Number of protein chains: 4
Amino acid sequence: MSDKKKVRIGLVGRGLMGRMHANAYTHISTIFPDLEYQPVLQAIASRNEEKGKEFADTWGFQSYENDWRKMIERDDIDAIDICAPNNMHAEIAIAAAKAGKMVLSEKPLSHEIGQAKEMLDAITEAGVPNTVWYNYRRMPAVTLAKNIVDSGRLGQIFHYRANFLQDWTISPDLPQGGEAAWRLDVDAAGSGVTGDLLAHCIDTAIWLNGGIEDVSAVTKTFIKERLHQETGKVQPVGIDDASIFHCHFKNGSLGLFEATRYARGHKALYTFEINGEHASIRWDLHDMNWLEYFDHRDDAEVRGWRKIHVSDGDQPYMDRWWIPGTSLGYEHSFIHQAADFFKGLENGGKRCAPTIEDAYETEKVCHAVLESAKSRSWKTV
Amino acid sequence: MSDKKKVRIGLVGRGLMGRMHANAYTHISTIFPDLEYQPVLQAIASRNEEKGKEFADTWGFQSYENDWRKMIERDDIDAIDICAPNNMHAEIAIAAAKAGKMVLSEKPLSHEIGQAKEMLDAITEAGVPNTVWYNYRRMPAVTLAKNIVDSGRLGQIFHYRANFLQDWTISPDLPQGGEAAWRLDVDAAGSGVTGDLLAHCIDTAIWLNGGIEDVSAVTKTFIKERLHQETGKVQPVGIDDASIFHCHFKNGSLGLFEATRYARGHKALYTFEINGEHASIRWDLHDMNWLEYFDHRDDAEVRGWRKIHVSDGDQPYMDRWWIPGTSLGYEHSFIHQAADFFKGLENGGKRCAPTIEDAYETEKVCHAVLESAKSRSWKTV
Amino acid sequence: MSDKKKVRIGLVGRGLMGRMHANAYTHISTIFPDLEYQPVLQAIASRNEEKGKEFADTWGFQSYENDWRKMIERDDIDAIDICAPNNMHAEIAIAAAKAGKMVLSEKPLSHEIGQAKEMLDAITEAGVPNTVWYNYRRMPAVTLAKNIVDSGRLGQIFHYRANFLQDWTISPDLPQGGEAAWRLDVDAAGSGVTGDLLAHCIDTAIWLNGGIEDVSAVTKTFIKERLHQETGKVQPVGIDDASIFHCHFKNGSLGLFEATRYARGHKALYTFEINGEHASIRWDLHDMNWLEYFDHRDDAEVRGWRKIHVSDGDQPYMDRWWIPGTSLGYEHSFIHQAADFFKGLENGGKRCAPTIEDAYETEKVCHAVLESAKSRSWKTV
Amino acid sequence: MSDKKKVRIGLVGRGLMGRMHANAYTHISTIFPDLEYQPVLQAIASRNEEKGKEFADTWGFQSYENDWRKMIERDDIDAIDICAPNNMHAEIAIAAAKAGKMVLSEKPLSHEIGQAKEMLDAITEAGVPNTVWYNYRRMPAVTLAKNIVDSGRLGQIFHYRANFLQDWTISPDLPQGGEAAWRLDVDAAGSGVTGDLLAHCIDTAIWLNGGIEDVSAVTKTFIKERLHQETGKVQPVGIDDASIFHCHFKNGSLGLFEATRYARGHKALYTFEINGEHASIRWDLHDMNWLEYFDHRDDAEVRGWRKIHVSDGDQPYMDRWWIPGTSLGYEHSFIHQAADFFKGLENGGKRCAPTIEDAYETEKVCHAVLESAKSRSWKTV
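You'll find chain A entered in an unreviewed UniProt entry as Gfo/Idh/MocA family oxidoreductase, with Membranihabitans marinus given as the organism.

### Some points on the sheet that holds strand 4 (residues 79-82) of chain B
Residues and elements named next belong to chain B. If you walk across this open sheet you meet the six strands as 3-2-1-4-5-6, and the pairing is parallel. A strand with exactly one partner marks an edge of an open sheet, and here the two such strands are strand 3 (64-65) and strand 6 (130-132). Bridge analysis of strand 5 (residues 102-105) against strand 6 gives three bridges, and the strand direction is parallel. By the bridge assignment for strand 6, Leu104 is matched with Thr131. Docked against the sheet, helix 1 (residues 16-31) engages strand 1 (5-12), strand 2 (37-45), strand 4 and strand 5, running at close to 150 degrees with respect to strand 2.

### Re the environment of Ser377(D)
All names here are of chain D. In this fold, Ser377 is placed in the loop between helix 10 (356-375) and strand 17 (379-380). Owing to a relative accessible area of 25%, Ser377 belongs among the partly exposed residues under this scheme. Taking C-alpha positions, Ser377 is 47 Å from Asp312, a pair spaced 65 residues apart along the chain. If near-sequence neighbours (up to four positions away) are discounted, Ser377 is found in contact with Val215 and Ser372. At a separation of 2.8 Å, a polar atom in the side chain of Ser377 contacts the side chain of Ser375.

### A few points about the relation of the copies chain A and chain B
What connects the two chain copies is a rotation about an axis and a shift along it. Superposing chain A onto chain B takes a rotation of 180 degrees combined with a translation of 0.0 Å along the rotation axis, leaving an RMSD of 0.0 Å. On this basis, the relationship between the two copies can be described by a two-fold rotation axis. Judged by C-alpha distance, Ser377(A) is the residue of chain A that lies nearest the rotation axis, at 3.0 Å. Mapped onto chain B, 100% of the interface residues of chain A are again interface residues, and the two copies thus contact each other with one and the same surface.

### Quick notes on the interface of chain D and chain B
The figure often quoted for interface size is the accessible area lost as the parts come together. Contacts between the two partners involve 19 residues from chain D and, on the opposite side, 19 residues from chain B. Buried area between chain D and chain B, both sides added, is near 1500 Å², and the carbon and sulfur share of it is 43%. In terms of surface lost to chain B, no three residues of chain D exceed Glu301(D), Val302(D) and Arg306(D), which account for 40% of the buried area on that side. For the pair chain D and chain B, the number of links is six salt bridges. Note that Arg153(D) is salt-bridged to Glu301(B), the shortest N-O span being 3.6 Å. Summed over the shared surface of chain D and chain B, the number is six residue pairs in polar contact (both at pLDDT 80 or more). Taken together, the elements giving at least two residues each to the side of chain D that touches chain B come down to helix 6 (140-151) and strand 16 (305-309) of chain D. Here the element with the most residues in the side of chain D that touches chain B is strand 16 of chain D; it accounts for four residues. Classifying every residue of the side of chain D that touches chain B by side-chain character gives seven nonpolar, three polar and nine charged.

### What to know about the domain arrangement of chain A
Residues and elements named next belong to chain A. Each assigned domain of chain A is listed with its residue range as follows: domain 1 (5-135) and domain 2 (136-380). Here domain 1 and domain 2 have C-alpha centroids that lie 23 Å from each other. Facing the 47 residues of domain 1 at the interface are 45 residues of domain 2. Buried area between domain 1 and domain 2, summed over both chains or domains, comes out near 4200 Å², and the portion from carbon and sulfur atoms is 66%. Its largest share of buried area at the contact with domain 2, domain 1 owes to Ile113, Tyr134 and Asn135, together 21% of the area lost on that side. Taken together, domain 1 and domain 2 are joined by three salt bridges. In this structure, Arg14 and Glu179 form a salt bridge, with 3.3 Å as the shortest nitrogen-oxygen distance. Inspection of the domain 1/domain 2 interface yields 21 residue pairs in polar contact (both at pLDDT 80 or more). Of all the secondary structure elements, the ones that give two or more residues to the side of domain 1 that touches domain 2 are strand 1 (5-12), helix 1 (16-31), strand 2 (37-45), helix 4 (86-98), strand 5 (102-105), helix 5 (113-126) and strand 6 (130-132). Per-element accounting of the side of domain 1 that touches domain 2 gives the leading share, nine residues, to helix 1.

### Considerations on unusual backbone geometry
With the exception of glycine, most residues fall at negative phi, and the peptide bonds are largely trans. In this chain, Lys107(C) is followed by Pro108(C) through a cis amide linkage whose omega measures -10 degrees. Within the element layout of this structure, Pro108(C) appears in the loop between strand 5 (102-105) and helix 5 (113-126). In this structure, the amide linkage connecting Ala353(C) to the following residue, Pro354(C), adopts the cis form with an omega of -5 degrees. Tracing the backbone shows Pro354(C) in the loop between helix 9 (331-345) and helix 10 (356-375). Although it is not a glycine, Asn347(D) sits at a positive phi angle of roughly 60 degrees.

### Observations concerning the packing of aromatic side chains
Applying the stated rule across the entire model yields 99 aromatic pairs over all chains. Arranged with centres 4.9 Å apart and planes meeting at 75 degrees, the rings of Tyr262(C) and Phe158(D) form a pair that is edge-to-face. Taken together, the residues span two chains, with Tyr262(C) in the loop between strand 12 (254-260) and strand 13 (269-276) and Phe158(D) in strand 7 (residues 157-165). On the basis of relative accessibility, which here comes to 0%, the residue Tyr262(C) falls in the buried class. By relative accessible area, Phe158(D) is classed as buried at 3%. Between Tyr160(D) and Phe249(D), the ring centres sit 5.7 Å apart and the planes meet at 50 degrees, which makes this aromatic pair tilted. Of this pair, Tyr160(D) sits in strand 7 while Phe249(D) sits in strand 11 (residues 242-249); the two residues are 89 residues apart in sequence, bridging distant segments of the chain. Exposure remark for Tyr160(D): the relative accessible area of 1% places this residue in the buried category. If you follow Lys307(B) out to its NZ or CZ, it ends over the ring of Trp290(B), 4.6 Å from the centre. Over the aromatic face of Trp378(A) sits the side chain of Arg376(B), whose NZ or CZ is 4.4 Å from the ring centroid.

### Some words on the pattern of salt bridges
If charged atoms from side chains of opposite charge come close, those side chains can pair. In this structure the tally under the stated criterion is 120 salt bridges over all chains. Among the charged side chains, a salt-bridge network with shared partners connects Lys107(A), Arg183(A), Asp196(A) and Arg261(A).

### Looking at helix 9 (residues 331-345) of chain D
Because the α-helix completes a turn every 3.6 residues, residues three or four places apart line up on one side. Residues and elements named next belong to chain D. For helix 9, which comprises 15 residues, the first-to-last C-alpha distance of 22 Å matches the rise-based estimate of 21 Å (1.5 Å per residue) to within 8%. The buried fraction of helix 9 is high, at 13 of 15 residues. Phi turns positive, to about 60 degrees, at Asn347, one or two residues after helix 9.

### Looking at the interface of chain A and chain B
Every contact between the two is made by 41 residues of chain A and, on the other side, 41 residues of chain B. Our enumeration of links across chain A and chain B arrives at four salt bridges. In this structure, Arg376(B) engages Asp214(A) in a salt bridge whose closest nitrogen and oxygen atoms are separated by 3.1 Å. Contributing elements (two or more residues each) for the side of chain A that touches chain B: strand 7 (157-165), strand 8 (212-220), strand 11 (242-249), strand 12 (254-260), strand 13 (269-276) and strand 14 (279-284) of chain A. Residues belonging to the side of chain A that touches chain B are distributed by class as follows: 17 nonpolar, 15 polar and nine charged.

What counts and what doesn't
- Residues numbered from 1 in each chain as written.
- Chains lettered and ligands numbered in written order.
- Predicted model: local features only at pLDDT ≥ 70, side-chain atom pairs only at ≥ 80, totals over all residues.
- Heavy atoms only, no water.
- Pairing = 2+ DSSP bridges.
- Helix = DSSP H or I, 4+ residues; strand = E, 2+ residues; numbered from the N terminus.
- Contact = heavy atoms within 4.5 Å.
- Axes fitted to C-alpha atoms, helices over the stretch in contact; angles between N-to-C directions.
- Buried < 20%, exposed > 50% of the residue type's maximum accessible area, 1.4 Å probe, protein only.
- Polar contact = N/O pair within 3.5 Å; in protein donor to acceptor, adjacent residues only side chain to side chain.
- Least-squares fit on C-alpha atoms with pLDDT ≥ 70 in both.
- Buried area = accessible area lost by both parts, 1.4 Å probe.
- Salt bridge = Lys/Arg side-chain N within 4 Å of Asp/Glu carboxyl O.
- Nonpolar A, V, L, I, M, F, W, Y, C, P; charged D, E, K, R; others polar.
- Domains from an automatic or database assignment.
- Phe/Tyr/Trp six-rings, centres within 6.5 Å; stacked < 30°, edge-to-face > 60°.
- Lys NZ or Arg CZ within 6 Å of the ring centre and 35° of its normal.
- Expected span 1.5 Å × (residues − 1).

As structure tokens, then:
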């Protein structure tokens, strides 16, 4: 790969998403060897020196920093990939953009809408290539859904519904805060399922069905107090455990969204369904390689929901992998997004959807959801 | 069956539900021969004499009336079964109750909440046995769901979600009004999917999960004008084509409901799911003989959603039918409700849930949904 | 129904199938009122007088006989419907045919191939209308499968596979013989799952895919001894608990069949699948209202197995019932077969498939299967 | 990884399996960093120099050889991984074993049973660590199935059934022979679906249910002639397009197996089901992250097939990957097998199931299947 253009990556964070992104980069040279740009795992930043160095060693990063600021100062780094908790995204991204680095950020943009706007403005002003890791777009079946929508097969859209159901926080013994449980700490996460799970549903929805006009929401915190791991005290829980809203899309369709971590039996059930005049599609993360499609124009005798195993070579991304009938997994959506990011850099390109602008649209919907729930009234996005 | 007590039925209406109820009565003597009370198909009332008489002949009714009022005047009729369009339910029921007849009414109670209250009051005052045909409670799998809920297996309830999706009114060429399309005429139906489909979801929900406190709804009429079959003119459509709401249940759980006739691919997809602290259940009308159950207390190694084929002799109603593994159909829910009604009369009993009181609770929720949608605000039930 | 031609039925047997057939007849006048011929429940024969009379009372039979021979002697009976144990079918059928009665017989024809041939000959010679209750053909989804096959959509057929899995005899404590357990007694049943379950699979297969040339089979009796209810002694078990065979169809396709009562978790899982050059279909009794269809000629982008809910008015038999999206049950297949039998009598017709000839074809395959298993060699049918 | 013991890999073949194995090795250091042994991609052998070098470059192999014999002669190579066509496996493996190299071979062992035995003998005599890539054992859900079987939850086993259905060779225009189509050339492949697909089913079956005693099989070649890519002539097709057999397992259970490339609609549907006295399990490659389990000992009220999403951290291999509810893909089974191979080397270990001995057992069953089909008789394994 000596004649390839190198993008030297500085990764911030070594949690689940840190591992996931590192894993994605390792596949670019082997699965997408034809890309003009190729990542180099230049540095990893983590406050915990021992674990940070271990991570660097395992994943083949060439250096370690104990402070992400140092990484941004380095000349030998082209892109900052942000996998820190939500409340750190904006600060890091803004600094990176100002230093002229490309920005790849985990979602959501921020724990707070004002700061998200600052992040948007800083990146826009800097004009640096950027993307936000709303990875579900790159599941082959979801990309196929997008292709089907864009083909016009569905006709006028009437309904969009999505939910993201989990059950991992039902136990009252689960603490909040700290490395493993920052998602339950409102200061670190900004919100509960709204920013964590609904944000994914909203990003996909806007991509597939266009903008959202207004929302009416309800949220709920089922368990009111949890031990905080950093203070050692039982403290009020500030996050939303469940978040539900209905909405009007700009195209005239009705939307219905729900996310919760209290749906016993569902580990990570992200589903969506779109009902159009002529045809409908639906998808389910637990069966991520399948897309279901119904077309009313089929002969009545044999009309039914089609269950499409998205694994043929002519289906999205599948020419890169193995053979028809074999499944891909969760991690592949990240690999595809990384590949698309590097592909986007070719010919001077600077955009890889979802860009910071796209992600800010989702952020505004999330904000409206939380405001609507608080005020018990409809909110315009 | 000579020593059985006879309940002489007067049926109003010979549409789909008229046929369905007549079919239900014909199974009582053969499938539930041990019941003390047995129906007699005494009379059918229909404005169309030719079709009314043909119906009587086909189903074995002993007489025909061209006006339901005449039937109520007859001494040889014990019970009035109402299968007329929604806007006639209350008037007929009130007259029947005042005449001391038992009342079996199709749902909803009325096209209008005030009249529904009058119907409730009249029946309550008359003290006559009564039931409203929210038939889904009598699907064996739904009754099993009730048994599971009552057993306490689920623990504290967090979520209840239901939807009822159809696609039969998408064509703009479909007319409104008249015999076949009165469900699209707001004057006859009172509302669109709210009273027709959501009402079923709400009845089941209250039965399984208790009362609803407040609702926030949105409705939509996708096709604004349709030819009216009675006037011959294109007229505004007054019904709701889609109706969505979220709510708080009195037990602290969140509810989410949706009904539409614009969900391409779904003929009659009524589903519900309940998520509890320990266990969850879900059901789907298109697969009506199955109930799915997840119990977190199962050994982790083999924990998963259980798909229960509700067809064993020890499962609800199944001791009456055939052999394990064989399916029942839609009509059986009506047969079971009729059987339960007659069973309820034994020992001087007058109640067969859902009673008029139960149905009025559902009616209030439907009313709140429509009011909430109109005012774009939360409504207390 | 006064101007209808009456077919006075004499039913032999009051077990599961006796009830099922009686139930079927009660639906003819209400669901198929346009048929020229209508059944009359004239007599029921049963050796147990008390239960026989109770059955007659419940189902509305006009008379009772304690011996089926007396019923055959009666002039006021037009048709004999045979629901006795397998080893009595032929004797009754032959007597009925000789007396000029129509014959409706439960399957299989006999416990013994020679006697089955005598039954075939007697009925053929008598020239009486006849049918054998291989009811699965009349499941709407199975009839739809037949229509699809006949339409040529599948192209050349490569594979036919079917299985019928149950689990109700796994317990060694289950006895053999007597009223409830005659299916485990080789003298009464003739064979185990071969005649009971495989026979159904074979009948459907021949109907859908044509004749079978030769078979290679294996059978197994897992539990070797059981208490016999009539002798009170533990006796060897003579039936096959499981029966498996592969075969060549005359059309060049390969067949694969399996039946067992030792498949834990399956109450009555009858499935079949046909793979053709262009398209495939599959069906499952546990989900009897669905048919799955795959057509390779679909656009590659949206190609997948279609899940067809066979409940629209233009699908087989469904114009007779309720509304799209609502399910039928097991009993409806018998109702449909009864209706088709009476329909078949119009215009002097005498045939309602499967006729005795059709059933004898299945009987020959069953016989070849048992012979093949015994001799551990291929057998020509 | 400087202090890790290195296993220098020489890979033969750069087709689908070559890519798959290379991909597996690249994950060892990142996902299994705790293993004592780590692979080094030392050399790739391929007859096509341009493509071989490109492959080496893409996957990071340090050198290229145009003849596998040269690779075996090299001292700097510890293990030979064989991904060449079937008829080359044995020759390469024998040479590698004699040279003292570890042997990792694709399945089946050979196109011919005698040569397979020579391969077994050579490796046994050499005493080198070895494994055969029957990768399906390492699907987490399949490993879970093994754990469940070993736990004794199922009780006495009655039935094992498996099939492997594909549809990619239905077109008569598909050629045989050459790089892309050697699987259709009997000289290169040895057999058709028997060695390609059934071999996988048999390996899993023996692992889960023990040895097979005797088999009765039928095979079929639907398309008799195809253009041969190497000769340019239309030649007879020597492979079996479909292969079906039933068998006795040594534990007294009955087995039923089928593989075909003519099952329209199935890309790679490998399924198996085991029915035991108390419980049953089933699995399906198209839904590879799920395992279904039925336990008759569950409370009757809530007894049903459990659908287990095998993605929790305490399920096989899943502690290595992401978060509960997220799926793995096909390639992960190879990664797991590679990891298990290296793990097996610790403490002087030389075995990683399936070993050459295990694979030879499968080979003998495949041989008996082909012999049985040819002779139309039962064959002892």
